[in-house]
Amino acid sequence: MKTKHFIELEVEQAAQILRQGGLLGIPTETVYGLGANGLDAAAVAHIFEAKGRPQDNPLILHIPDASWLERYCQNIPPAAYALAQRFWPGPLTMILERRAVVPDAVTAGLDTVGMRCPAHPVCRAILQAAGVPVAAPSGNTSGRPSPTSAADMLEDMEGKIDGIVDGGPCQVGVESTIIDLTVQPPRLLRPGGVTLEELRDVLGEVAVDAVVTRLMGAGEHPRAPGMKYRHYAPKAPVTVVQGAPAESARYIQAHLAEGDGVICFAEFLPLFAGYPVESIGPAADQAEQARRVFDALRYFDNTAVKRIWAQGPDPTGIGLAVSNRLNKAAGFQIIEV
Ligand code: TXA
Ligand code: MG
């Protein structure tokens, strides 16, 4: 298959791919997505094939605005509308009770469905033009870091999808926050662009699922099935060093060996001269860290490093999402200093 490359002006042609049951790379503000018509079970099956994604891992539906929620969900709690009012369009996915119209292929047979209204203007234009809800996981091959540019997505998907729309680099850089509204209190399943602090501001009490902070055991069944997989895993094993930035930098410098690579904050780059090193931005700039973390992980897949050390970011605000992605890449191999 030849993958067509579109620029933002060609929204109508891109939307046509979706309506015809094809696979489309779509830009969103979080990461690039691998989209298909979410009401077309055959099209959705192709997403799983292109990604090599396990069948038990459900997809989320992307919609152009909150008024579409009723079409695909039922018993929608007031909290969903309060969150939509405050954070949509934006990087928040809500887990709600599904209606029967949503194919099992999307939900992996669960009685719930993840709903997201993305903020990227090109993505919104595509959703409007397509006129269907778009099922879209992140546009990476299963097990690789999520793509934050069209080029990153094509590295994994060229020849496997019908087209991709280049909407520029992703402004958030980590995937959407996932909140489960079918349980009381609402439960954070994945930290992302909308922070835990912001969610608590609207909802009051919010529980944090165990998958956010630790590795799931073999017999455990997390509420977000995708969280049990060792996502974002670079080829070389990662060790996260958690602590004050100056301390974690010193620790890594003291333990660094031939063949190791480093993911660090910008101000510590000089300490690692001569080693393969990727900066994720200044220690104090959490938004920049979110934009760069997947790129840093992806970079090392194209090097021969045998081990990667990473400075752990401050896990507050969007830092909780950056920290979670690095910790997952490390299989929760974390050293506290
Ligand atoms: O920012 C994002 O959310 C990106 C962009 C493309 O929108 N999409 C994304 O999709 O990250 P994906 O499939 O890579 O991650 C979705 C996560 C998976 O871990 C999946 O298991 C979980 O959401 N999920 C989907 N439906 C669910 C449901 N009904 N209940 C619990 N978890 C669900
Ligand atoms: Mg993903």
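Since we're looking at a predicted model, the values are computed, not measured.

A. The arrangement of unusual backbone geometry in detail. In this structure, the amide linkage connecting Trp88 to the following residue, Pro89, adopts the cis form with an omega of -10°. In the Ramachandran plot, Ala108 falls in the positive-phi region, its phi being about 55° despite a non-glycine side chain. Within the secondary structure layout, Ala108 lies in the loop between helix 5 (104-107) and strand 7 (112-116). Judged by its relative accessible area of 29%, Ala108 is partly exposed.

B. Local environment of the UniProt feature "binding site: L-threonine" (unreviewed entry) in the protein. UniProt marks Thr30, His62, Arg116, Ala136 and Ser176 with the feature "binding site: L-threonine" (unreviewed entry), using the numbering shown here. Despite a sequence span of 147 residues, these residues sit close together in the fold, their greatest C-alpha distance being 12.7 Å. Secondary-structure assignment places Thr30 in the loop between strand 2 (24-26) and strand 3 (33-37). The exposure class assigned to Thr30 is buried, which follows from its relative accessible area of 3%. Dropping the residues within four chain positions of it, Thr30 is found in contact with Pro91, Arg116, Thr148, Cys170, Val172, Gly173, Val174, Glu175 and Ser176. Within the secondary structure, Arg116 sits in strand 7. Taking relative accessible area as the criterion, Arg116 reaches 2% and is therefore assigned buried. Reaching out from Arg116, the side chain makes a polar contact with the side chain of Glu29 at a distance of 3.0 Å.

Basis of the calculations
Within any chain, residue numbers begin from 1 and follow the written order of that chain's sequence. Numbering of ligands from 1 and lettering of chains from A proceed in the order in which they are written. Under the rules for a predicted model, residues below a pLDDT of 70 receive no local features and side-chain atom pairs below 80 are neither given nor counted, while totals for whole chains, interfaces and linings still include all residues. Excluded from the side-chain calculation are hydrogens and water; included are all heavy atoms of the structure. Secondary structure elements are taken from DSSP: a helix is a run of H or I of four residues or more, a strand is a run of E of two residues or more, and numbering for both begins at the N terminus. Under the scheme applied here, a residue whose accessible area is under 20% of the maximum for its type counts as buried, over 50% as exposed, and between as partly exposed, the area being computed with a 1.4 Å probe on protein chains only. UniProt positions are given in the numbering used here, feature names are shortened, and annotations may be inferred rather than shown by experiment. The contact definition used throughout considers only heavy atoms, calling two residues in contact when any of these lie within 4.5 Å. Pairs of N or O atoms are called polar contacts if they sit within 3.5 Å, as long as, within protein, a hydrogen donor faces a hydrogen acceptor (for residues adjacent in sequence, only side-chain-to-side-chain pairs).

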